[in-house]
Amino acid sequence: MPSPPIKITVLGSGTSVGVPTVGCHCSVCTSSDPRDNRLRPSILVSYEGHNVLIDTTPDFRTQALRAKIDRVDAVLFTHSHADHMMGLDDLRPFSFRRQGHIPIYASPDTMAAIQRCFPYIFDGAKKESSVPQLEARLIDGTPVDLFGLEFLPVPVVHGRQTIYGFRFGAAAYLTDHSDIPESSMEQLRSLDVLFLDALRYKPHPTHSTVDTSVKTAGKLAVRRAFFTHICHDLAHERAESLLPPNIRLAYDGLEILLP
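The structure displayed is predicted, hence computed values, not measured ones.

### Side note on unusual backbone geometry
Residue Pro20 is bonded to the preceding Val19 through a cis peptide linkage, with omega at 5°. Turning to its location among the elements, Pro20 is positioned in the loop between strand S1 (6-12) and strand S2 (42-47). Positive phi outside glycine occurs at Phe147, with the angle close to 60°. Mapped onto the elements, Phe147 comes out in the loop between strand S7 (144-146) and strand S8 (149-158). Note on Phe147: relative accessible area 29%, which makes it partly exposed. Here the phi dihedral of Ser190 falls at roughly 60°; this positive angle occurs in a residue that is not glycine. With respect to the secondary-structure elements, Ser190 resides in the loop between helix H6 (182-186) and strand S11 (193-197).

### Overview of the environment of Val222
With respect to the helices and strands, the residue Val222 is situated in the loop between helix H7 (210-220) and strand S12 (224-228). The class of Val222 is buried, set by a relative accessible area of 5%. For the pair formed by Val222 and Asn246, sequence separation is 24 residues and the distance between their alpha carbons is 8.3 Å. Each residue touching Val222, except ones within four places of it in the same chain, is listed here: Leu191, Leu194, Ala217 and Asn246.

### Focus on H7
What H7 keeps buried is the set Val210, Ser213, Thr216, Ala217 and Leu220. Buried positions in H7, seen along its axis, are confined to an arc of 120° and lie on one side of it. In H7, the exposed residues that point more than 90 degrees away from the buried face are Lys215 and Gly218. Check the buried side of H7 and you find it contacts H6, S11, S12 and strand S13 (247-249). Just beyond H7, the residue with positive phi is Ala221, at close to 55°.

### Points about the sheet that holds S1
Strand order across the open sheet formed by seven strands is S6-S5-S4-S3-S2-S1-S14, with mixed pairing between neighbours. Of all the strands in the sheet, just strand S6 (134-138) and strand S14 (255-258) have a single pairing partner and so form its edges. Neighbouring strand axes in the sheet, compared pairwise and without regard to direction, differ in orientation by 20° on average. Summarising the sheet, S1 and S14 pair through four bridges and their orientation is antiparallel. Pairing of Ile8 across the sheet is with Ile256, part of S14. Packed on one face of the sheet, helix H1 (residues 60-67) meets S1, S2 and strand S3 (50-54) and runs near 135° to S1. Each of strand S5 (102-106) and S6 touches helix H4 (residues 108-117); the most contacted strand, S5, lies at about 125° to it.

### Some points on the nonpolar core
Membership of the largest hydrophobic core comes to 28 residues, with the highest contact counts inside it found for Ile8, Val45, Leu146, Phe151, Phe168 and Phe195. Look past the residues within four positions of Val45 in its chain and what remains in contact with it is Ile6, Lys7, His50, Asn51, Val52, Ile54, Phe151 and Phe168.

### What to know about the pairing of S3
Of all five residues in S3, four are buried, a share of seventy percent or more. Note: S2 against S3, five bridges, orientation antiparallel. Among the inter-strand pairings, Tyr47 is bridged to a residue of S3, identified as His50. Hairpin connection, S2 to S3: the antiparallel pair is bridged by two residues, and Glu48 has positive phi, about 45°.

### A short note on the packing of aromatic side chains
Following the criterion strictly, the structure yields seven aromatic pairs and no others. With a centroid separation of 5.8 Å and an interplanar angle of 40°, the aromatic rings of Phe60 and Phe94 are classed as tilted. Of this pair, Phe60 sits in helix H1 while Phe94 sits in helix H3 (residues 92-98), and the two are 34 residues apart along the sequence. In terms of burial, Phe60 and Phe94 fall into one category: buried.

Scoring rules and cut-offs
Residues numbered from 1 in each chain as written. Predicted model: local features only at pLDDT ≥ 70, side-chain atom pairs only at ≥ 80, totals over all residues. Heavy atoms only, no water. Helix = DSSP H or I, 4+ residues; strand = E, 2+ residues; numbered from the N terminus. Buried < 20%, exposed > 50% of the residue type's maximum accessible area, 1.4 Å probe, protein only. Contact = heavy atoms within 4.5 Å. Arc of directions from axis to C-beta. Pairing = 2+ DSSP bridges. Axes fitted to C-alpha atoms, helices over the stretch in contact; angles between N-to-C directions. Core = buried A, V, L, I, M, F, W, Y, C linked by side-chain atoms within 4.5 Å. Phe/Tyr/Trp six-rings, centres within 6.5 Å; stacked < 30°, edge-to-face > 60°.

Written as structure tokens, this is what we have:
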């Protein structure tokens, strides 16, 4: 069955400390190019009146206000690092508006970490104040059907961990990875849009580099690739000028349409 028309909004394209980085006065952190201002990494997938969020960063409230998000219907988590989950409490107004629980999806390890960090959301105890109304749902690598669109968890290697990216329709979002197993590469064939981690040029133990992600995009023959999870080593205009024409740097606020 063909996928519905999809809009992808880049809520954040930065690394775990964001850009500008606190206390840094380098040329990128002091850049006047708005594309060099990068909040922590997340996207919103919108289709047929539904909004599916991938990760809740510490910047989520700012991202939601900036993108004028008025509803969240489900959340998918890639993994449990702080830059991907610590904005969870800011789902509160969305659950109020929904007047029901928002389903959140994560691997067993990631869900356990979320519940340890936010026990008051999940302990079922009576509260004096409001908390987000969330329903925890585990994922195991099989596709998740959300409102008529399948999200396929794609295992990737992030340092010593195996975490998830997600494929939906002809797009895929892989935010944190140092390697992509061959079995996962097979799940990424025939893509129109692929987001890849490209932290910087210099090697890093838990993240892909620009050169490695260029090779990955070429191997997969994707129509369009967008690099994300970018640190302050990369000035947007300069770095993008050195990339192949079908590969761009993502930036906060970027909107991509898929027919």
